[in-house]
Amino acid sequence: MPWNPLPLTTLVILILIGSLWVSPETARGQMLFNRGDCNTDGVSNIADVVHALGVLFSGAGPANCADACDVNDDGGNDISDPIYMLGNLFSGGPNPPLPDDCGPDPTADSLDCLIGPASCPPPVEDCGNGVDDDGDNDVDCADSDCQGDPACAPPLSFSLDMYPIIVDQCTFCHGPPSNFANLDLSLEAGNDPYASLINIPSTECSSYDLVEPAESQNSWLYRKISGTHIDAATAAGCAVVNAGTQMPLGPFCCLDQATIDLFQEWIDGGANP
Ligand code: HEC
């Protein structure tokens, strides 16, 4: 009889479809539970066996916590679970697999809790893991729990965060009438201070742009306010005499470290307008 490849092909297709199946637990977070506490009242006892049997055989509705009712952690709710529980409670059988102290399910399956166990803390949103940890359909920074989390703060912007500092510390020299070093950071006569900085070569050391987005170390403005401009000029082969002094000039020097760090963070964050 000739070999028929069809059953094998079917099997391969079924395995492929199976591997594409994404269980709901990969998409949303999990409630914490104690395995065996099927009715989620905080203790594991005969009442959990009764709850499990009711769900399985008396139409008592869905289990409070299907994960907790999966006493033997085989990924399903069936008669083997209350039997395992009875064995543990009355015949010296093994304890159910973990968790026994408000943990997530260590085993990937499609079970979850409808009602979180009263004894377990409510799940909290982790603001940076791409998962709806607390099950409220809002993921990460979209969740109101993440308001005020630094990971969710908008990136620094030139106009909102940096320009007020520049007006305070720089434009009385870098604006009309002085425009020292030919650098106008004012808003006068239609000048655009942001455009005057981004990807514009420095007059003091033209190997550097005044601001090179995402690269504070290659930004002459950052080198000038952090006092690392001499090193930078030397490294680039610029004449040190032309590199000038740390900014702001003379008696106005220098910005405090937090402000210097803020400029660095703004540039390394992409130097957003
Ligand atoms: C009191 C006047 C004064 C103040 C205030 C001042 N600067 Fe300057 N700035 C100068 C002078 C003069 C030069 C040229 C000589 C030098 O570099 O020492 C200069 C040069 C520069 C350069 C080099 C420009 C280029 O094209 O190479 C940058 C960048 C700069 N300043 C940024 C700033 C920033 C940012 C501030 C505010 C935090 C600031 N300066 C505050 C007077 C000032």
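Here the structure is shown first, and the text comes after it.
Quick notes on the rules
- Residues numbered from 1 in each chain as written.
- Predicted model: local features only at pLDDT ≥ 70, side-chain atom pairs only at ≥ 80, totals over all residues.
- Heavy atoms only, no water.
- Helix = DSSP H or I, 4+ residues; strand = E, 2+ residues; numbered from the N terminus.
- Buried < 20%, exposed > 50% of the residue type's maximum accessible area, 1.4 Å probe, protein only.
- Contact = heavy atoms within 4.5 Å.
- Phe/Tyr/Trp six-rings, centres within 6.5 Å; stacked < 30°, edge-to-face > 60°.
- Axes fitted to C-alpha atoms, helices over the stretch in contact; angles between N-to-C directions.
- Left-handed = near helix turned anticlockwise from the far one by under 90°.
- Nonpolar A, V, L, I, M, F, W, Y, C, P; charged D, E, K, R; others polar.
- Donors = N, O, S within 2.8 Å, 3.2 Å for Na, K, Ca; no water.
- Tetrahedral: all angles 85-135°; square planar, octahedral: opposite > 155°, others 65-115°.
- Core = buried A, V, L, I, M, F, W, Y, C linked by side-chain atoms within 4.5 Å.
- Expected span 1.5 Å × (residues − 1).
- Patch = residues over 30% accessible without salt bridge, like charges linked within 9 Å, V, L, I, M, F, W, Y side chains within 5 Å.
- Areas by Shrake-Rupley, 256 points an atom, 1.4 Å probe, with all protein chains shown as cover.
- Salt bridge = Lys/Arg side-chain N within 4 Å of Asp/Glu carboxyl O.

Novice: Even after reading the chapter, I still don't get the environment of Asn242, so can you show me in this structure?
Specialist: Counting through the fold element by element, Asn242 comes out in the loop between helix 8 (229–236) and helix 9 (257–268). Taking relative accessible area as the criterion, Asn242 reaches 44% and is therefore assigned partly exposed. Note: C-alpha distance between Asn242 and Cys205 (37 residues apart in sequence) is 7.4 Å.

Novice: I tried to follow the environment of Cys141 on my own but got confused; where do I start?
Specialist: One can find Cys141 in the loop between helix 5 (80–90) and helix 6 (158–169). Its relative accessible area of 41% is what places Cys141 among the partly exposed residues. Spatially, the C-alpha atom of Cys141 lies 8.0 Å from that of Ala151, the residues being 10 residues apart in sequence. Setting aside chain neighbours within four positions, we find Cys141 in contact with Cys127, Cys146, Ala151 and Cys152.

Novice: Just checking my understanding: could you explain the packing of aromatic side chains for this structure?
Specialist: Summed over all chains, the structure comprises five aromatic pairs. With a centroid separation of 5.6 Å and an interplanar angle of 40°, the aromatic rings of Phe158 and Tyr163 are classed as tilted. Here the two residues Phe158 and Tyr163 agree in accessibility, since each one is buried. Site record: aromatic cluster; members linked through ring pairs are Phe158, Tyr163, Tyr194 and Trp266.

Novice: I keep staring at unusual backbone geometry and nothing clicks. Help me out?
Specialist: Most peptide bonds adopt trans geometry, and most residues besides glycine take a negative phi value. Pro177 follows Pro176 through a cis peptide bond whose omega is 0°. You can see Pro177 is positioned in the loop between helix 6 and helix 7 (220–226). Put simply, Cys253 and Cys254 share a cis peptide bond, and its omega is 5°. Note on placement: Cys254 falls in the loop between helix 8 and helix 9. Here Asn137, not a glycine, exhibits a phi torsion of approximately 75°, which is positive. Along the chain, Asn137 falls in the loop between helix 5 and helix 6.

Novice: I would appreciate a short explanation of the packing of helix 6 against helix 9 in the present structure.
Specialist: When two helices pack together, their arrangement is given by the angle between their axes and by how far apart the axes lie. Taken N-terminus to C-terminus, the directions of helix 6 and helix 9 make an angle of 145°; their axes are 11 Å apart at the nearest point. Here helix 6 runs over helix 9; the crossing is left-handed. Mapping the contact onto sequence places Phe158, Asp161, Met162, Ile165 and Ile166 in helix 6 and Thr259, Leu262, Phe263 and Trp266 in helix 9. Taken together, the residues of the contact of helix 6 with helix 9 break down into seven nonpolar, one polar and one charged.

Novice: Where do I start with the coordination of the iron atom of the ligand in this structure?
Specialist: The textbook angles at a metal center are 109.5 degrees for a tetrahedron of four donors and 90 or 180 degrees for an octahedron of six. Coordination of the iron atom of the ligand by the protein is provided by His174 (NE2) and Met247 (SD), with metal-donor distances spanning 2.0 to 2.2 Å. Classification of the site at the iron atom of the ligand rests on its six donor atoms, whose angles at the metal span 89 to 179°, yielding the label octahedral. Highlighted residues: His174 in the loop between helix 6 and helix 7 and Met247 in the loop between helix 8 and helix 9, separated in sequence by 73 residues.

Novice: How should the nonpolar core be read in this particular structure?
Specialist: Proteins that are soluble and globular tend to have nonpolar side chains buried together. Counting residues in hydrophobic clusters, the biggest one holds 30 residues, and the most contacted among them are Leu197, Val211, Trp220, Phe263 and Trp266. Contributing elements (two or more residues each) for this core: helix 6, helix 7, helix 8 and helix 9. In terms of residues, this core owes the most to one element, helix 6, which gives five residues. Residues Met31, Phe33, Ala68 and Cys113 belong to the second largest nonpolar core, which totals five residues.

Novice: Mind showing me how you'd approach helix 3 (residues 46–57) here?
Specialist: Within an α-helix, residues lying three or four positions from one another point in the same direction, as the helix has 3.6 residues per turn. In this model helix 3 runs 16 Å from its N-terminal to its C-terminal C-alpha over 12 residues, within 8% of the 16 Å that 1.5 Å per residue would give. The set of residues buried in helix 3 consists of Asp48, Val49, His51, Ala52 and Gly54. Close packing links the buried residues of helix 3 with helix 4 (66–69) and helix 5. Just downstream of helix 3, Gly59 is the residue with a positive phi angle, here 60°.

Novice: Quick question: what am I supposed to make of a nonpolar patch on the surface here?
Specialist: The grouping of Ile46, Val50, Leu86 and Phe90 at the surface amounts to a nonpolar patch, some 380 Å² of accessible area in total. When contributions to the nonpolar patch are tallied by element, the ones reaching two or more residues are helix 3 and helix 5. Relative to the elements of secondary structure, Val50 occurs in helix 3.

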